[in-house]
Amino acid sequence: STHCISSAASDVYKRQTLLVMPMTALAAGIEVDEKTLFQGNFTIDSMHTKDGRAYELSASGDAGPYGRVYLSYVLTNMQAVDGRGEFTGHAWTQSGEDVVTATLQGISVKEGSVYKLYSFDLVSNGVMNLAIGTVDMVAGTMSFKVGEID
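Residues numbered from 1 in each chain as written. Predicted model: local features only at pLDDT ≥ 70, side-chain atom pairs only at ≥ 80, totals over all residues. Heavy atoms only, no water.

**Considering empty space enclosed by the protein**
Then, in step 1: Under the counting rule described, the total for this entry stands at two cavities of 30 Å³ or more.
Then, in step 2: Estimates place the volume of the largest cavity at around 270 Å³.
Then, in step 3: What lines the largest cavity is a set of 21 residues, and nearest its centre among them are V69, L71, A91, L104 and D121.
Then, in step 4: Secondary structure elements with two or more residues in the lining of the largest cavity: β1 (38-49), β3 (68-76), β4 (84-95), β5 (98-111), β6 (114-123), β7 (128-136) and β8 (141-148).
Then, in step 5: Ranked by residues supplied to the lining of the largest cavity, first place goes to β5 with four residues.
Then, in step 6: Looking at the lining of the largest cavity residue by residue, the class counts come to 16 nonpolar, four polar and one charged. (1 Å grid on protein atoms, 1.4 Å probe; cavity = no way out; pocket = protein on both sides within 12 Å on 5 of 7 lines; lining within 4 Å. Points joined across faces, edges and corners; volume = space filled by probe spheres on them. Helix = DSSP H or I, 4+ residues; strand = E, 2+ residues; numbered from the N terminus. Nonpolar A, V, L, I, M, F, W, Y, C, P; charged D, E, K, R; others polar.)

**A word on the pairing of β7**
Then, in step 1: Relative to β7, β6 is paired through eight bridges, and the arrangement is antiparallel. In the strand pairing of β7, D121 is matched with N129.
Then, in step 2: The antiparallel hairpin formed by β6 and β7 contains four residues in its connecting segment, where G126 sits at a positive phi of about 95 degrees.
Then, in step 3: Bridging between β7 and β8 involves eight bridges; their strand directions are antiparallel. For T134, the partnering residue across the bridge sits in β8 and is S143.
Then, in step 4: Counting the residues between successive antiparallel strands, the hairpin from β7 to β8 contains four residues, one of them, G140, with a positive phi of roughly 75 degrees. (Pairing = 2+ DSSP bridges.)

**Quick word on the pattern of salt bridges**
Then, in step 1: Applying the stated rule across the entire model yields two salt bridges.
Then, in step 2: A salt bridge links E56 to K50; the nearest nitrogen and oxygen atoms lie 3.9 Å apart.
Then, in step 3: Relative accessible area serves as the criterion here: at 26%, E56 is assigned to the partly exposed category.
Then, in step 4: The partner of D51 in a salt bridge is R53, and the shortest N-O contact between them spans 3.7 Å. (Salt bridge = Lys/Arg side-chain N within 4 Å of Asp/Glu carboxyl O. Buried < 20%, exposed > 50% of the residue type's maximum accessible area, 1.4 Å probe, protein only.)

**Description of a nonpolar patch on the surface**
Then, in step 1: Together, M47, Y55 and M137 make up an exposed nonpolar region whose accessible area comes to about 240 Å².
Then, in step 2: Topologically, Y55 is positioned in strand β2 (residues 55-63).
Then, in step 3: Relative accessible area serves as the criterion here: at 34%, Y55 is assigned to the partly exposed category. (Patch = residues over 30% accessible without salt bridge, like charges linked within 9 Å, V, L, I, M, F, W, Y side chains within 5 Å. Areas by Shrake-Rupley, 256 points an atom, 1.4 Å probe, with all protein chains shown as cover.)

**Considering the layout of surface pockets**
Then, in step 1: As a volume, the largest pocket reaches approximately 340 Å³.
Then, in step 2: Looking at the largest pocket, it is lined by 17 residues, and the ones nearest its centre are Y55, L75, T76, S108 and Y115.
Then, in step 3: Mapped by element, the contributors of at least two residues to the lining of the largest pocket are β3, β4, β5 and β6.
Then, in step 4: A class-by-class count of the residues in the lining of the largest pocket yields eight nonpolar, six polar and three charged.

**Observations regarding the packing of aromatic side chains**
Then, in step 1: By the definition in use, this model includes four aromatic pairs.
Then, in step 2: Measuring from centroid to centroid gives 6.3 Å for F42 and F144, while their planes differ by 70 degrees, and the two rings are edge-to-face. Here F144 lies in strand β8 and F42 lies in strand β1, a separation of 102 residues in the sequence.
Then, in step 3: Note on F144: relative accessible area 5%, which makes it buried.
Then, in step 4: Taken together, a centroid distance of 5.4 Å and an interplanar angle of 75 degrees make the contact between Y73 and F87 edge-to-face. Of the two residues, Y73 sits in strand β3 while F87 sits in strand β4, which places them 14 residues apart along the sequence. (Phe/Tyr/Trp six-rings, centres within 6.5 Å; stacked < 30°, edge-to-face > 60°.)

Written out as structure tokens, the structure reads:
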């Protein structure tokens, strides 16, 4: 049974509910399967820019059922909107002989000293995920709540 994140969930889930609920109304019923929610915690391994406009970030860490995951992002601001931008990326993990990859795409919003990322991810096993999290460049960390969408 799929449904939007309930108000009885943790404070983090409650904040996400505020973000998911408008998307449900505006995007023809995007719903997160509450049973699939997991936390992803990553360490930023490197960050650089070649031109001062696009920034490339690599990170690695634990992503719940996917185990150890390696991420790469290209963050841009094509629309030149202050404090906001977009990104594309890739994820990769391996468990035994099984390799799972994903494409990542979404928007970023600067909130004080951190960036909030809203990502729609397509996984090579057919799963579609919504990930909402923060990137802290100073601390060198990334943290996401992730759940499957229909």
